[in-house]
Amino acid sequence: MYIKRQRGWEIPEHLATPEAVFLSRRTLLGGAAGLAVASAFGGGRAVAAAESGAYPAPQNGAYTLDRPVTPERYSGDYNNFYEFGTSKTVLPAANALKTDPWTIKIDGLVEKPFEIGVEDLIRKIGLEERLYRHRCVEAWSMAVPWTGFPLSKLVALAKPASGAKYVQFQTFLDKAMAPGQRQFFYPWPYIEGLTLAEADNDLAFMVTGVYGKPLPNQFGAPIRLAVPWKYGFKSAKSLVKVSFVAERPKTFWEGLQSAEYGFWANVNPAVSHPRWSQASERVLGTDQRVPTLIYNGYGEQVAGLYKGLEKERLFV
Ligand code: MTE
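Residues numbered from 1 in each chain as written. Predicted model: local features only at pLDDT ≥ 70, side-chain atom pairs only at ≥ 80, totals over all residues. Heavy atoms only, no water.

Overview of the UniProt feature "binding site: Mo-molybdopterin" (unreviewed entry) in the protein
Let me state the cut-off plainly: UniProt positions are given in the numbering used here, feature names are shortened, and annotations may be inferred rather than shown by experiment. Runs of H or I in DSSP of at least four residues are treated as helices and runs of E of at least two as strands, each being numbered from the N terminus. We call a residue buried when its accessible area falls under 20% of the maximum for its residue type, exposed when it is over 50%, and partly exposed in between, using a 1.4 Å probe and counting protein chains only.
In the UniProt entry, the feature "binding site: Mo-molybdopterin" (unreviewed entry) is given for Asn-79, Tyr-82, Glu-83, Cys-136, Thr-171, Arg-224, Ser-235, Ala-236 and Lys-237. Mapped onto the secondary structure, Tyr-82 falls in the loop between α5 (72-75) and α6 (91-94). Residue Tyr-82 is classed as buried on the basis of its relative accessible area of 5%. Relative to the helices and strands, Glu-83 is located in the loop between α5 and α6.

Below, the structure is given as structure tokens:
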């Protein structure tokens with residue numbers, strides 16, 4: 001999803017780099033540099049969480065995996081977080097993200113708009129852990145233990161009015177903190193959206209932690225979305241606002257390149273990206289490619305959401 005102003009859309013890094021070179025780089029990262037990464041992960045927020053007692057949260061056994069959990073040294077060192085740069089190694093730059101205090105605003109077509117601190121929200125709703133697959137549109141994937149709460153519980157708190165049809169998610173906007181936001185050709189802030197029915201689906205998850213501790217910055221601290229049946233760009237990070245709206249939100253990637261990144265973005269191996277196949281995916285931390293599954297394997301839970309919408313571009 002790399003973009004340069006002068007040259008338009010570029011191919012993703014994993015296609016631009018010969019796979020063998022890429023994999024040996026990752027092996028190196030998993031070894032020597034992995035140590036440095038591990039110490040970065042063991043930072044202050046994890047200690048604070050242990051004190052607060054919120055993590056690790058009890059695991060919800062209804063969400064299981066067909067593959068091993070991706071070790072954190074891989075998933076935590078291969079991230080998309082354009083606010084901090086277009087490379088996958090945004091971990092050092094994302095250290096600049098200040099997450100305490102952090103409040104999230106709930107507004108739009110709701111009974112009464114409100115703003116709440118993330119810690120208060122967690123206390124109010126409670127946390128659980130779920131094992132989810134994550135499939136990036138760039139054809140890599142991972143499997144991670146997210147901690148958070150169902151988005152439907154936030155919807156219930158918000159009490160949307162009858163005119164609310166969509167939920168819009170907005171990331172922070174702070175050019176001083178996030179160097180990527182000084183790149184004026186991106187339509188900041190990062191916006192994503194779901195229909196209200198999608199937001200109410202039990203799989204839609206608000207994430208505050210991973211690997212049994214609060215989110216490290218590069219994963220989108222302190223609160224992000226996870227919608228595992230959709231391409232990863234739908235799972236917006238570091239949210240400051242959730243708005244209930246009547247019109248379909250214009251999303252960040254759609255605003256940049258609507259032919260390649262649409263609103264629905266449901267995973268489908270049979271529908272290629274205009275520049276690469278979506279038939280299979282590279283599993284982070286392994287040298288394996290595995291077949292991609294429709295709705296990323298979550299069809300049973302979500303296919304019904306799209307009955308009657310077959311004329312939409314559901315898989316772009
Ligand atoms: N959210 C924000 N605010 N900025 C981003 O650049 N990238 C998206 C998504 N959410 C992105 C974002 C993309 S393309 C993917 S694949 C996932 O975050 C990556 O999540 P991860 O880095 O935790 O694996």
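What follows continues from the structure just given.
Considering the environment of Gly-117
Formally: Contacts are residue-level and defined by heavy atoms, with any inter-residue pair within 4.5 Å sufficient.
Within the secondary structure, Gly-117 sits in strand β4 (residues 114-117). Gly-117 gets classed as buried once you look at its relative accessible area, which sits at 17%. Along the chain, Gly-117 and Pro-101 lie 16 residues apart, while their C-alpha atoms are 7.4 Å from each other. Excluding anything up to four places from it in sequence, Gly-117 contacts Trp-102 and Thr-103.

Things to note about the site of the ligand
Which entries qualify depends on this criterion: Being near a molecule or strand, for a residue, comes down to having at least one heavy atom within 4 Å of it. Here a polar contact means two N or O atoms within 3.5 Å. Within protein one must be a hydrogen donor candidate and the other an acceptor candidate, and residues neighboring in sequence count only if both atoms are side-chain atoms. Accessible surface is estimated by sampling points in the Shrake-Rupley manner with a 1.4 Å probe; for residues, cover comes only from the protein chains shown. Residues are grouped as follows: nonpolar covers Ala, Val, Leu, Ile, Met, Phe, Trp, Tyr, Cys and Pro; charged covers Asp, Glu, Lys and Arg; every other residue, Gly included, is treated as polar.
Taken together, 19 residues form the shell around the ligand, and within it Tyr-82, Glu-83, Arg-224, Ser-235 and Lys-237 come nearest. In the model, an oxygen atom of the ligand is placed 3.0 Å from a nitrogen or oxygen of the Asn-79 side chain. Between an oxygen atom of the ligand and a main-chain N or O atom of Tyr-82, the distance comes to 2.7 Å. Relative to its unbound accessible area of 530 Å², the ligand is 100% covered by the protein chains. Grouping the constituent residues of the shell around the ligand by class yields ten nonpolar, six polar and three charged.

Considerations on the packing of helix α7 (residues 118-125) against helix α8 (residues 151-158)
Note the following rule: In this description, a line fitted to the C-alpha atoms serves as the axis of each element, helices being fitted only across the stretch in contact, and the angle between N-to-C directions of two axes falls anywhere from 0 to 180 degrees. Just so you know how the angles are binned, under 35 degrees is roughly parallel, over 145 roughly antiparallel, 65 to 115 roughly perpendicular, and the rest oblique.
Close contact between α7 and α8 brings their axes to 11 Å; oriented N to C, the two are set at 100°. Viewed along their axes, α7 and α8 adopt a mutual orientation that is roughly perpendicular. Residue-level contacts link Leu-121, Lys-124 and Ile-125 of α7 to Lys-153, Leu-154 and Leu-157 of α8. The residue makeup of the contact of α7 with α8, split by class, is four nonpolar, no polar and two charged.

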